[in-house]
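What the coordinates show
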Amino acid sequence: MFAYIVRRLFYAVPILIGVNLLTFALFFVVNTPDDMARLQLGAKRVTPEAIERWKVEHGYDKPLLFNASAAGTQKFTDTIYFQHSAAMFAFEFGESDDGRNIGNEIRTRMWPSLAIALPVFVIGLLVNISFALLMVFFRSTYLDLWGVVLCVVLMSISGLFYIIAGQYFIAKLWNLLPISGFAGGIDGLKFIMLPVLVGIVSGIGSGARWYRTIFLEEIGKDYVRTARAKGLSEIRVLFRHVLKNGMIPILTGAVVVLPLLFMGSLITESFFGIPGLGSYTIDAIQAQDFAIVRAMVFLGSFLYIVGLILTDISYSWVDPRVRLQ
Amino acid sequence: MNFQPVILWTDALIFLLLAGVLLLVAMIRRQEHLLAPWRSVARRPMAMGAAMVLAVFVVIGLLDSLHYRPKLADSPADKPQYAVEVLSVFDALVEPLRSRSEKTYSAPLAIQLHAKEFIERDGVTVRDYPRLQYGGAHLADASEHRADLLMRTTTGILHGLLASLMLILLLGLWQSRRHQTALTGWLWAAWRGEAGWPVRTVVAVLGSALVLGGVLLQLAPAYHVLGTDKVGQDVLYISLKSIRTGLVIGTLTTLVTLPLAIGLGIAAGYFRGWVDDLIQYVYTVLNSIPGVLLIAAAVLIVQVYIESNPELFDTAAARADIRLLALCLIMGVTSWTGLARLLRGESLKLRTLDYVEAARSFGVSHARIIRRHIFPNVFHLVLIAVVLDFSGLVLAEAVLSYVGVGVDPSMYSWGNMINGARLELAREPVVWWQLGAAFVFMFTLVLAANLFADGVRDAFDPRAGGRR
């Protein structure tokens, strides 16, 4: 087991290098530091000197990959690639355009993100499974048919509208919860409730429908027929057998997104004013702060790969038939 | 000529796509085994109803894709000059909607502005709601407003019903001639649901569209049916113009996705070995980058490119168009991985089957085996993926536009509508119509696409057959 994990970790390295090179190409080769400077300075103040000054200030004045003027190993280390891209492997994200340390920002901002994303994930999973089981219990009746239609309807509503409607009705019209904001500790609970609720509701459509098909696939299998033939009640069959085996694909599918919960949700956080990583990213995109965007790309990829490894491990854990070589 | 035709990049691609679809339809019609699943789609009421809704949207989108620049009225005949704004055939059809702008917000069907202003009345300045410049301008007195609305709505409904009757008659004539039965006999069978395809649903959907169209034809020339936005533009016009943007994103993105997904997916599964390793590596790398961020990075780059090469684009529409195309391209590049993985798995299975082995031992070339034996057997997966992805792409446009990396801010799109209107609900009194209109239009298109996709999937996926 341990050897397998180590091997998977080594397998992840080339992927991270690929991500790193791709982002480097996107941000520095296709889109040169001169372009960045021009975009940041705005059309009015663009002079060659201003661009040079901006590049020196942000450390973009070095050669891209190979510094011929430097000596020894500095030929490679005194370059943009090494200082701005390769440094990310050590989780050194550098500074954003307003001079703050990105690594520190990430460490403080991931907790609010998690405070929203984790409840949405856990409660959402439970709600979706309950709805799916209900539909499966009433399968091939009108209740099931209309349940599926309702799921499709819920799926067809843009996530933006769930947020807008939630804020308008629950917060503004009925004054039940604050419209946006965030606070630490127990005070924060009232701020968290609305985004969590909206997040759960907007996920029901696709989630419940997807789990329903998984359970239906399971219910057609032989062991379920055997269980029924033994005289078990339908409820017992559903909870003891179908739910237990259906959970394998559901849980392993959920594990891959588990690390990504740290990244938060862009839209939810920006609408509700949550100081998490999602709103951090969105602000960076809108301010065209490439350093932050680069850092978030690397972090996201890293967490995704962690998720992939966790998925493999969880497979072997829940399903003894799967062996890791 | 009174106009100069303009072919934007997305226009050309849309019509190319249309030609491709028509070609595919002609091919399918000739082969019974390809036609059979489509027949099964045509028998499903839900799918057919959704298809009719989609057809209405597509017709509007296509009309909106024929662009031109009108000639300036005062330009000399021998050296004509054309306006800088690019219009479409659809614009010409709904000319009054486009050109008649008010000062600012006005509620749906209103005859006065939404906000009070100082106006001069009988020589005294009072603070009141001023009458609109165009909305209800034909009414001499505000008291006629209600009666006029009622009158126009009723006329519109009657016109719509009349048109629906014509439709039923035409359908009946066509079908009864085709099946060589009496007209009344076919109509009776259709009414009882025994015509072989869901005539009732189709007529109900198209009839509702006709009634809605009739009412709009009566009301829209005299009122702003969905109100006006902050700068006084007709919201109905904006919503209708946004249809094209949604359709372009939903379809052209797929056009980018398909060659990548099909080519790389099948190659990985069929050749295995280092080809497989390489392709798997590429899609794991692409997959692991958060999609929104990759799109954001690429869109920012395109923006820089457009700003530093202004001489390449002669009109604002061309600039907005190239950004739309770039968005489709980028979304395509980020979204081919799912389908490719599916096709890889399927090809892995197919390549070990007897008939493929036999073909290989006969010395048939790889290209031919893939074309004749692998591709036709994974085609249903491709089709299902295309229709399933469409609705997701339309929804994604709204989110991306909200983040600020979607379509050009000058382009009409539901995402831009929502983005521009998201603070309107906080106003007093509430301005809800722009958000409402974007919601209704987007919801209708996405719901229709989802229902149609379900029908297609159930008909083509052998595993899903008995599940519903």
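Thresholds, definitions, all that
- Residues numbered from 1 in each chain as written.
- Chains lettered and ligands numbered in written order.
- Predicted model: local features only at pLDDT ≥ 70, side-chain atom pairs only at ≥ 80, totals over all residues.
- Helix = DSSP H or I, 4+ residues; strand = E, 2+ residues; numbered from the N terminus.
- Contact = placed C-beta atoms within 7 Å.
- Buried ≥ 20, exposed ≤ 12 C-beta atoms within 10 Å, placed from the backbone.
- Axes fitted to C-alpha atoms, helices over the stretch in contact; angles between N-to-C directions.
- Parallel < 35°, antiparallel > 145°, perpendicular 65-115°, else oblique.
- Left-handed = near helix turned anticlockwise from the far one by under 90°.
- Nonpolar A, V, L, I, M, F, W, Y, C, P; charged D, E, K, R; others polar.
- Pairing = 2+ DSSP bridges.
- Core = buried A, V, L, I, M, F, W, Y, C linked by C-beta atoms within 7 Å.
- Expected span 1.5 Å × (residues − 1).
- Arc of directions from axis to C-beta.
- pLDDT = per-residue confidence, 0-100.

**Quick look at the overall build of chain B**
A count of helical and extended segments in chain B gives 17 helices and 5 strands. Along the longest, intermediate and shortest principal axes, the C-alpha atoms of chain B span 100 × 70 × 55 Å. Restricting to contacts in chain B with at least 6 residues of sequence separation, those with at least 24 account for 70%.

**Some details on the overall build of chain A**
From N to C terminus, chain A includes 14 helices and 0 strands. Taken from the N to the C terminus, the helices and strands of chain A come in the order α-α-α-α-α-α-α-α-α-α-α-α-α-α. Counting over 325 residues, chain A shows a buried share of 33%. For chain A, contacts bridging at least 24 residues in sequence account for 66% of all contacts bridging at least 6.

**A few points about the packing of helix 9 (residues 235-271) of chain B against helix 12 (residues 316-335) of chain B**
Residues and elements named next belong to chain B. Running from amino to carboxyl end, helix 9 crosses helix 12 at an angle of 45°, the nearest separation of the two axes being 8 Å. In terms of axis orientation, helix 9 runs oblique to helix 12. Classified by chirality, the crossing of helix 12 by helix 9 is right-handed. Across from T245, V248, I249, L252, T253, V256 and T257 in helix 9, the residues of helix 12 making contact are L324, L327, C328, L329, M331, G332, V333 and S335. When the residues that make up the contact of helix 9 with helix 12 are grouped by side-chain class, the tally is 10 nonpolar, 5 polar and no charged.

**Looking at the packing of helix 7 (residues 142-155) of chain A against helix 17 (residues 433-460) of chain B**
The contact between helix 7 of chain A and helix 17 of chain B brings their axes to 9 Å, and the two run at 135°. The angle between helix 7 of chain A and helix 17 of chain B places the two elements in the oblique class. Along this stretch, helix 7 of chain A crosses helix 17 of chain B, giving a crossing that reads as right-handed. Contact residues: helix 7 of chain A offers A:V152, A:V153 and A:M155, while helix 17 of chain B offers B:L447, B:N450, B:L451 and B:D454. Split into classes, the residues belonging to the contact of helix 7 of chain A with helix 17 of chain B amount to 5 nonpolar, 1 polar and 1 charged.

**Some points on the pairing of strand 5 (residues 124-128) of chain B**
All names here are of chain B. Across the 5 residues of strand 5, 0 count as buried, placing the element largely on the outside. Here strand 4 (residues 117-121) runs beside strand 5; their pairing, made up of 5 bridges, is antiparallel. Paired with I119 across the bridge in strand 5 is V126. A loop of 2 residues connects strand 4 with strand 5, the two strands running antiparallel in sequence, and D122 in this loop sits at a positive phi of about 50°.

**What about the sheet that holds strand 3 (residues 87-88) of chain B?**
Residues and elements named next belong to chain B. Read from one edge to the other, the open sheet built from 3 strands follows the order 1-2-3, with strand pairing classed as antiparallel. Of all the strands in the sheet, just strand 1 (3-6) and strand 3 have a single pairing partner and so form its edges. When strand 2 (residues 67-70) meets strand 3, the two strands line up antiparallel, connected through 2 bridges. Bridging across to strand 3, H67 finds its partner in S88.

**Looking at the interface of chain B and chain A**
Interface size is commonly expressed as the accessible surface area that is lost when the partners come together. Tallying the contact residues gives 36 residues for chain B and 39 residues for chain A. Of all the secondary-structure elements, those providing two or more residues to the side of chain B that touches chain A are helix 10 (273-288), helix 11 (291-308), helix 15 (366-403) and helix 17 of chain B. For the side of chain B that touches chain A, a count of residues per class yields 27 nonpolar, 6 polar and 3 charged.

**Things to note about the nonpolar core**
One finds A:V293, B:I295 and B:A296 to be the most contacted residues of the largest nonpolar core, which totals 153 residues. Per-element accounting of this core gives the leading share, 18 residues, to helix 9 of chain B. Excluding anything up to four places from it in sequence, A:V293 contacts A:A284, A:I285, B:L293, B:A296 and B:A297. Among the nonpolar cores identified, the runner-up in size contains 15 residues, and A:C151, A:M155, A:A208 and A:F215 belong to it.

**Regarding the environment of A:W111**
Summarising the element assignment, A:W111 is placed in helix 6 (residues 102-137). Along the chain, A:W111 and A:L277 lie 166 residues apart, while their C-alpha atoms are 8.7 Å from each other.

**Structural notes on unusual backbone geometry**
Residues and elements named next belong to chain A. Not every positive phi belongs to a glycine, and N175 is a case in point at roughly 55°. Within the secondary structure layout, N175 lies in the loop between helix 8 (159-173) and helix 9 (189-219). Under the C-beta neighbour-count criterion, N175 is labelled exposed, with 9 such atoms within 10 Å.

**Quick word on helix 7 of chain A**
Every α-helix carries 3.6 residues per turn, so stepping three or four residues along brings you back to the same face. With 14 residues, helix 7 of chain A should reach 20 Å at 1.5 Å per residue; the first-to-last C-alpha distance of 20 Å fits that figure. Of the positions making up helix 7 of chain A, those classed as buried are A:G147, A:C151 and A:M155. Projected down its long axis, helix 7 of chain A carries its buried residues within an arc of 70°, all on one side. The inward-facing, buried residues of helix 7 of chain A contact helix 6 and helix 9 of chain A together with helix 17 of chain B.

**Regarding the pairing of strand 2 of chain B**
Two faces, one strand: in a regular strand the side chains alternate between the faces of the sheet. Strand direction decides the pairing type here: strand 1 of chain B and strand 2 of chain B, joined by 4 bridges, are antiparallel. Within strand 2 of chain B, the position partnered with B:Q4 by the bridge is B:R69.

**Some words on the environment of B:V6**
Tracing the backbone shows B:V6 in strand 1. The spatial distance from the C-alpha of B:V6 to the C-alpha of B:L66 is 7.8 Å, given a sequence separation of 60 residues.

**Some thoughts on the confidence of the model for chain B**
Interpretation of this model should avoid reading the predicted coordinates in detail wherever pLDDT is low. Residues of chain B with pLDDT of at least 70 account for 98%, and the chain-wide mean is 86. Among the prediction metrics, the complex's ipTM stands at 0.85, with pTM recorded as 0.89.

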